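# Topology and contacts: notes
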Amino acid sequence: MSSDQSPRFTSAESQFIFGNDSTASDSPRSGGHTQAGPPKVANLRTSVSRDHRLARFVPVIALLALMWVIEIIDTLLPADLDMLSLQSWNPLSLYGVVTSPLLHSGFGHLTANTFPFLILGLCIAIEGQRRFWLVTAITAVVSGLGAWLTTLPVGQHIVGASGIVFGFFGYLAVRTWFTDDILRKIVYFALGFFVFITFGASMIFGMLPQDNGISWQGHLFGFVGGVLAAWIIHRKRQGVTSGKAPTAQQ
């Protein structure tokens, strides 16, 4: 078979298979033809999924849904899941720092926590999932440990997400004072004012000592945890924006 009858690749095929050098005019694979115009490049297009803005609110909805699922299971099962909660002064129950916010004493208790958890949680999640998880973790730890240390009698079960709710309230109420950005101050103040008007009275009353079976200690330390979260997060942010590495203090 003569060379004129040999199979040849087009410029696009040669470009795709053999690379950029294969389209040169003296390449034997290209048949020696000069390519007119810019070389054609075979592109393999891939679709990259983008992070949707609404995805930042997923953790709030997921946590709330988990609380409802757990309470339904607790109602249907003969076992009492509240036994897995935090018990005051019982070191073996410290895992309850994680489990107690997910447990409730009944649907009435859960319903009372649902609306403020949802509204305040969404207000924090606007800043992103990481911010929401960080505030939640700090408030859960501070609220849980504070209630564990100060609740009497010994072995008292502490359940409910209200400690985290008070932490959300504390974070939203004071974060305005931990930022120097004027625009953020205005937005934070407006949001904090709305939160205070909506929930302020019940939140303040909930942190006062009372003898009605409600863990006011968890509420109080939850609020403290929210203030601490605002200080840690926005102090660190100020250190980054100013070009200085934040230093850890004890």
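Quick note: structure is the one above.
Residues numbered from 1 in each chain as written. Predicted model: local features only at pLDDT ≥ 70, side-chain atom pairs only at ≥ 80, totals over all residues. Heavy atoms only, no water.

### Considerations on the pattern of salt bridges
On inspection of all chains with the given rule, the structure shows 2 salt bridges. The shortest N-O distance in the salt bridge between E127 and R131 comes to 2.8 Å. (Salt bridge = Lys/Arg side-chain N within 4 Å of Asp/Glu carboxyl O.)

### Quick notes on the packing of helix α2 (residues 58–76) against helix α5 (residues 129–150)
Direction vectors running N to C along α2 and α5 enclose 45°, while the axes themselves pass 9 Å from each other. What the angle tells us is that α2 and α5 run oblique. Counting all contacts with α2, which are made through P59, V60 and L63, the residues of α5 involved are Q129, F132, W133 and T136. When grouped by side-chain class, the residues that make up the contact of α2 with α5 number 5 nonpolar, 2 polar and no charged. (Axes fitted to C-alpha atoms, helices over the stretch in contact; angles between N-to-C directions. Helix = DSSP H or I, 4+ residues; strand = E, 2+ residues; numbered from the N terminus. Parallel < 35°, antiparallel > 145°, perpendicular 65-115°, else oblique. Contact = heavy atoms within 4.5 Å. Nonpolar A, V, L, I, M, F, W, Y, C, P; charged D, E, K, R; others polar.)

### Observations concerning the packing of aromatic side chains
Applying the stated criterion across every chain yields a total of 9 aromatic pairs. Note on W89 and W148: the rings are 6.0 Å apart at their centroids and 25° apart in plane angle, and the pair reads as stacked. Of this pair, W89 sits in the loop between β1 (86–87) and α3 (96–99) while W148 sits in helix α5; the two residues are 59 residues apart in sequence, bridging distant segments of the chain. The exposure class assigned to W89 is partly exposed, which follows from its relative accessible area of 44%. We classify W148 as buried; its relative accessible area is 12%. Aromatic side chains F189 and F193 sit 6.3 Å apart centroid to centroid with 20° between the ring planes, which places their arrangement in the stacked category. In this pair, F189 and F193 are both assigned in helix α7 (residues 182–206), 4 residues apart and thus about one turn of the helix distant. Side by side, F189 and F193 carry an identical accessibility label, which is exposed. (Phe/Tyr/Trp six-rings, centres within 6.5 Å; stacked < 30°, edge-to-face > 60°. Buried < 20%, exposed > 50% of the residue type's maximum accessible area, 1.4 Å probe, protein only.)

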